[in-house]
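Listed below are the residues making up each chain.
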Amino acid sequence: MDYPTIVLKPKEENRLISGHLWAFSNEIAKAPEGIVPGTLADLVHSRSGFLGRGFYHPHSLIAFRILTDQKDQEIDQAFFEKRFADAVNWRERCYPGATAYRLIFGESDRLPGLIVDRYGDYFVIQAIAAGIERARPTIVQALKSLFQPKAIIWRADSALRDLEGLPQAAPQVLHGALSGRMQIETENGKFWVDLLGGQKTGFYFDQRDNRQALAPFCKGKRVLDAFSYSGGFGIAAASAGAKEVVLVDSAHAALELAQENAELNGVADRTTCVEGDALALLARENPGGPFDVIAIDPPAYARSKKHLPAALKAYEKLNALAMKALPKGGILASSSCSHHVGRETFLEMLRRSAKKAERRARLVELRSQAKDHPVLLAMPETEYLKFAILKID
């Protein structure tokens, strides 16, 4: 099959040769006129020759997304099946026996712009690139062939689609049937998930290992799970022996789900759900007395580089309030889910927070996203989650 040829500018190839999978619009020297966004094409360089085959978008900042560096490899159903099979093998090594996890993490699984989460026999797809949108029938057929799923759900409600000129739409079932919510089990407990109406694809798999890391600090303690969504950190803490857990979220539907998850895990008698703003709660006297452990997992404040200064101020304020709310010896688990906030920037923010709170903070552990969200070393953009466990004195 012949593919359109996209020519890279001189001196722009080294990053791609090193394994990065994006070429930006200002790095493209020449492309045929009238190419539809998301068209499969070949990226070449006058000196290096063939660099990769992937999706080209003439109107996006990320102009080219490399799928393969093998010139003889066709991007067909067999290609996607092989990528999916490789991804399953890795998840089975990371979480033996697990049936719920992130199956495809975009660039890290060499499928840029594609997210697939597995919930047993149900699969949820997120497409954040025009090329993935165009390849939807092939992707669905590959999943059907490899897994024989009961249902495949298409989520087109990510804000990242706006950057590709893709419309947002209500979730839809592309294959099979899905009625109501379903139940999954992870190392952190059992959870009800809403694959059609829940946040992201229904569950936050990226914090699964971090919930396990924090759990031992929660036994016999009073724990606050701020920005709790369906109660991931709180349920794990209660299951690990916390004497009381308070879940706080501004979304009523999320708290309803969290309450049901507490009941599902037999910890409802030690769990209280509070609807409201976590910042406001931390700024006033804590309900029911002081917390021994506070987990804060806010949304991505820095959705772009231009938002980074304001985001860091917001993170600093939130973390300072949490540090002030803890007694001497208390534990703070702090998260940032924006790749624009690098590790050192994250740590510096925590240092400023401690200074603002007039507290001494010791770093117990610095972690990243779960193993089913592997980081591609050549692409720092794939490491987005920073998670710190701090002892506050």
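Scroll up a little and you will see the structure.
Conventions we followed
- Residues numbered from 1 in each chain as written.
- Predicted model: local features only at pLDDT ≥ 70, side-chain atom pairs only at ≥ 80, totals over all residues.
- Heavy atoms only, no water.
- Helix = DSSP H or I, 4+ residues; strand = E, 2+ residues; numbered from the N terminus.
- Rg over C-alpha atoms; globule rule 2.2 N^0.38 Å.
- Buried < 20%, exposed > 50% of the residue type's maximum accessible area, 1.4 Å probe, protein only.
- Contact = heavy atoms within 4.5 Å.
- Areas by Shrake-Rupley, 256 points an atom, 1.4 Å probe, with all protein chains shown as cover.
- Lys, Arg positive; Asp, Glu negative; His and termini not counted.
- Charge placed at Lys NZ, Arg CZ, Asp CG, Glu CD.
- Polar contact = N/O pair within 3.5 Å; in protein donor to acceptor, adjacent residues only side chain to side chain.

Caption draft 1: Just the overall build of the protein chain, in detail. Scanning the protein chain from N- to C-terminus turns up ten helices and 20 strands. The C-alpha atoms of the protein chain give a radius of gyration of 22 Å, which matches the 21 Å a tight globule of 393 residues would have. With respect to the three principal axes, the spread of C-alpha positions in the protein chain is 70 × 45 × 35 Å. Each of the 393 residues in the protein chain was classed as buried or not, and the buried ones make up 53%. Once local pairs closer than 6 in sequence are excluded, the contacts in the protein chain between residues at least 24 apart make up 62%. Summed over its atoms, the accessible surface of the protein chain is roughly 17,100 Å², and 51% of this surface lies on carbon and sulfur atoms. For the protein chain, the separation between the mean place of its 51 positive charges and that of its 47 negative charges on side chains is 5 Å.

Caption draft 2: Inspection of the environment of Arg-65 at higher detail. By the secondary structure assignment, Arg-65 is in strand β6 (residues 62-68). Through-space distance from the C-alpha of Arg-65 to that of Phe-205 is 25 Å; in sequence the pair is 140 residues apart. Excluding anything up to four places from it in sequence, Arg-65 contacts Leu-21, Trp-22, Arg-53, Gly-54, Phe-55, Glu-107, Pro-112, Gly-113, Ile-128, Ala-129 and Glu-164. Of note is the side chain of Arg-65, whose polar atom sits 3.1 Å from the side chain of Glu-164.

Function cannot be inferred from these measures alone, as they are strictly geometric.
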